[in-house]
Amino acid sequence: MISFNRPDGQSCQGYYVEPANGNTAPGIVVIQEWWGLNDQIKGVADQLVQQGYRVLVPDLYKGEVTVEAAEAEHLMNDLDFGDAATQNIRGAVQHLKASSPKVAVLGYCMGGALTVLAAVYAPETDVAISWYGVPPAEAADVSTIAIPFQGHFAEQDVFFPPDAVKAFEAQLKQGSAPHETYWYDAHHAFGNENNDIYDPEATKLAWERSLTFLATHLT
């Protein structure tokens, strides 16, 4: 765990890992699901490090982690999404950008929605990838996104229903951002191996697409 500064001068904690080639590799800010900064999301960071990236996972819940859905929902509802995107996540991007040429934001579920907000409100971000998460339409004008964006969405998602995501896609297409979105015959959070609805085939394909997108736009 490390401490880094937010734009407002406050500090934030985060899980940081870097590859063998040191601290000048391209960076990725990974954003947690609603469970908190747990071992599963740290594992995502560790996998990205194996691909040669520096990775920072900001601790948006300030140390709180849960395995109970009701508590996770409570923690998520208590989170100030605007502050998280413009301060904690932007601060994490700025921290990596100090020595990395480019920095991406990649998030899951709640973190996917925050990734979209970061693409709008954290101007230092170079690339954004959301796995099954978009913010409410009123939270951001996604047609203003100007960086490469990739989205992975589930056809059977009850948390981020397809109709809402398709409206997001339509607004995104109104802008100038290079973007690609993919749909999977899967449930929400299909990429979390700790879930009963984990879909290894969809996860493998989405992961390969994510790595290709990162290699194309981040390196």
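Note that the coordinates shown come from a computational prediction; the quantities given were computed from them, not determined experimentally.

### Points about the overall build of the protein chain
In step 1: Summing up its helical and strand segments, the protein chain has 6 helices and 8 strands in all.
In step 2: For the protein chain, the succession of helices and strands along the chain, N to C, is β-β-β-α-β-α-α-β-α-β-β-α-β-α.
In step 3: Oriented by its inertia axes, the alpha-carbon framework of the protein chain measures out at about 40 × 40 × 35 Å.
In step 4: Within the protein chain, buried positions represent 53% of all 219 residues.

### Some details on the sheet that holds strand 7 (residues 149-156)
In step 1: The strand order 1-2-4-3-5-6-7-8 describes an open sheet built from 8 strands, whose pairing is mixed. The strands lining the two open edges of the sheet, one partner per strand, are strand 1 (2-5) and strand 8 (179-187). Within the sheet, the average angular offset between the axes of one strand and its neighbour, ignoring direction, is 25°.
In step 2: Inspection of the sheet shows strand 2 (residues 11-17) paired to strand 4 (residues 54-58) by 4 bridges, in the antiparallel sense. In the strand pairing of strand 4, G14 is matched with P58.
In step 3: Contacts from helix 1 (residues 39-50) reach strand 2, strand 3 (27-31), strand 4 and strand 5 (103-108) within the one sheet, and its direction differs from that of strand 2 by about 55°.
In step 4: Along the sheet, helix 6 (residues 200-218) makes contact with strand 3, strand 5, strand 6 (127-131), strand 7 and strand 8, crossing strand 6 at roughly 170°.

### Some remarks on helix 6
In step 1: Here helix 6 contains 19 residues, and its C-alpha end-to-end distance of 26 Å stays within 8% of the 27 Å for a straight helix at 1.5 Å per residue.
In step 2: Within the span of helix 6, buried status applies to A202, T203, A206, W207, S210, L211, F213, L214 and L218. Projected onto a plane normal to the axis of helix 6, the buried residues spread over an arc of 165° and lie on a single side. Of the exposed residues in helix 6, those oriented more than 90 degrees away from the buried face are E201, K204, T212 and T216.
In step 3: If you follow the buried residues of helix 6, they end up packed against strand 3, helix 1, strand 5, strand 6, strand 7 and strand 8.
In step 4: By the N-cap criterion, in which a side-chain oxygen at the helix start approaches the backbone nitrogen of a residue two or three places on, helix 6 is capped by D199, the distance to E201 being 3.2 Å.

### Digging into the environment of G112
In step 1: Topologically, G112 is positioned in helix 4 (residues 110-121).
In step 2: A C-alpha to C-alpha distance of 6.2 Å links G112 and Y132, two positions 20 residues apart in sequence.
In step 3: The residues contacting G112, other than those within four sequence positions of it, are G107, S130, W131 and G133.

Parameters at a glance
- Residues numbered from 1 in each chain as written.
- Predicted model: local features only at pLDDT ≥ 70, side-chain atom pairs only at ≥ 80, totals over all residues.
- Heavy atoms only, no water.
- Helix = DSSP H or I, 4+ residues; strand = E, 2+ residues; numbered from the N terminus.
- Buried < 20%, exposed > 50% of the residue type's maximum accessible area, 1.4 Å probe, protein only.
- Pairing = 2+ DSSP bridges.
- Axes fitted to C-alpha atoms, helices over the stretch in contact; angles between N-to-C directions.
- Contact = heavy atoms within 4.5 Å.
- Expected span 1.5 Å × (residues − 1).
- Arc of directions from axis to C-beta.
- Polar contact = N/O pair within 3.5 Å; in protein donor to acceptor, adjacent residues only side chain to side chain.

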